[in-house]
Amino acid sequence: MQAPSKIVLAAADVQRVVDRIAHQILEKTQGAGDVVLLGIATRGVPIARRLAERIRAFEGREIPVGTLDITLYRDDLRRNSIRAVGRTEEPPGGVDGRRVVLVDDVLFSGRTIRAALDALSDLGRPAAVQLAVLVDRGHRQLPIRADYVGKNIPTALSEQVKVRLQEIDGSDEVVLTAGVKDKQA
């Protein structure tokens, strides 16, 4: 039997949330002049690209986008199954002295972001680091918070938040599934 699920963000909602985050980045960074976006693999990458596209549409400014694979920086490598190492692509112009906005789909325990900060330190020394997430579901295990949040979704630990994106999954939506033991991400 499949666990009951509920769509918390439909495709139009996902687009609206991305637009709102793009506007917030422009506002908080005074036009995003020194901003680079680093998408955390896997679903943070298309979200970062969408944010860059929307900032370009709103402001006419090209925002450099890179990808960050955190596989080798995770603190659960020994406990979980073997994972393929992805590619990290530094944004044009690098990260040194720039404001880096890490982009991910779901903020949960904070461990993924801790790993991303470690991976980022190997790329260079940004002037500042901020975090943008599509969904913040709570249950932090580390003192990490997002600067830009699309939607806060209070959850139980037994629930699972699934983000589906057109570029990877063929559709845009965020689904909350009940009664499934969730992994600590």
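Cut-off values and rules
Residues numbered from 1 in each chain as written. Predicted model: local features only at pLDDT ≥ 70, side-chain atom pairs only at ≥ 80, totals over all residues. Heavy atoms only, no water. Axes fitted to C-alpha atoms, helices over the stretch in contact; angles between N-to-C directions. Helix = DSSP H or I, 4+ residues; strand = E, 2+ residues; numbered from the N terminus. Left-handed = near helix turned anticlockwise from the far one by under 90°. Contact = heavy atoms within 4.5 Å. Nonpolar A, V, L, I, M, F, W, Y, C, P; charged D, E, K, R; others polar. Buried < 20%, exposed > 50% of the residue type's maximum accessible area, 1.4 Å probe, protein only. Pairing = 2+ DSSP bridges. Core = buried A, V, L, I, M, F, W, Y, C linked by side-chain atoms within 4.5 Å. Expected span 1.5 Å × (residues − 1). Polar contact = N/O pair within 3.5 Å; in protein donor to acceptor, adjacent residues only side chain to side chain.

## Remarks on the packing of helix H1 (residues 11–28) against helix H2 (residues 44–59)
At a closest axis distance of 9 Å, the pairing of H1 and H2 adopts a crossing angle of 65°. Relative to H2, the crossing made by H1 is right-handed. Along the contact surface, H1 presents Val14, Gln15, Val18, Asp19, Ile21, Ala22, His23, Ile25 and Leu26, while H2 presents Arg50, Leu51, Arg54, Ile55, Phe58 and Glu59. For the contact of H1 with H2, the per-class residue count stands at nine nonpolar, two polar and four charged.

## Remarks on the pairing of strand S8 (residues 173–177)
With five of five residues buried, S8 is to be regarded as a mostly interior element. With burial as the criterion, each face of S8 is covered, one bearing Glu173, Val175 and Thr177 and the other bearing Val174 and Leu176. With four bridges connecting them, strand S1 (residues 5–9) and S8 associate as antiparallel partners. Bridge pairing in S8 places Ile7 opposite Val175.

## Some points on the nonpolar core
Ranked by internal contacts, the top residues of the largest apolar core, which has 31 residues, are Leu37, Leu51 and Val174. Elements represented by at least two residues in this core include exactly S1, H1, strand S2 (35–40), H2, strand S4 (99–107), strand S5 (128–136), strand S7 (160–164) and S8. If you tally residues by element for this core, the top one is H1, at seven residues. Among the nonpolar cores identified, the runner-up in size contains 18 residues, and Leu102, Leu131, Val133 and Ala146 belong to it.

## Section: H2
Across its 16 residues, H2 extends 22 Å between first and last C-alpha, which sits within 8% of the 22 Å expected from 1.5 Å per residue. Those residues of H2 that sit buried are Gly44, Val45, Pro46, Ile47, Ala48, Arg50, Leu51, Ala52 and Ile55. Note on H2: the residue one or two positions beyond its end, Gly60, has a positive phi of about 75°.

## Remarks on the environment of Glu89
Assignment of secondary structure puts Glu89 in the loop between strand S3 (65–68) and S4. Between the C-alpha atom of Glu89 and that of Leu9, which follows or precedes it by 80 residues, the distance is 29 Å. In this structure the side chain of Glu89 is engaged in a polar contact, spanning 2.8 Å, whose partner is the side chain of Arg87.

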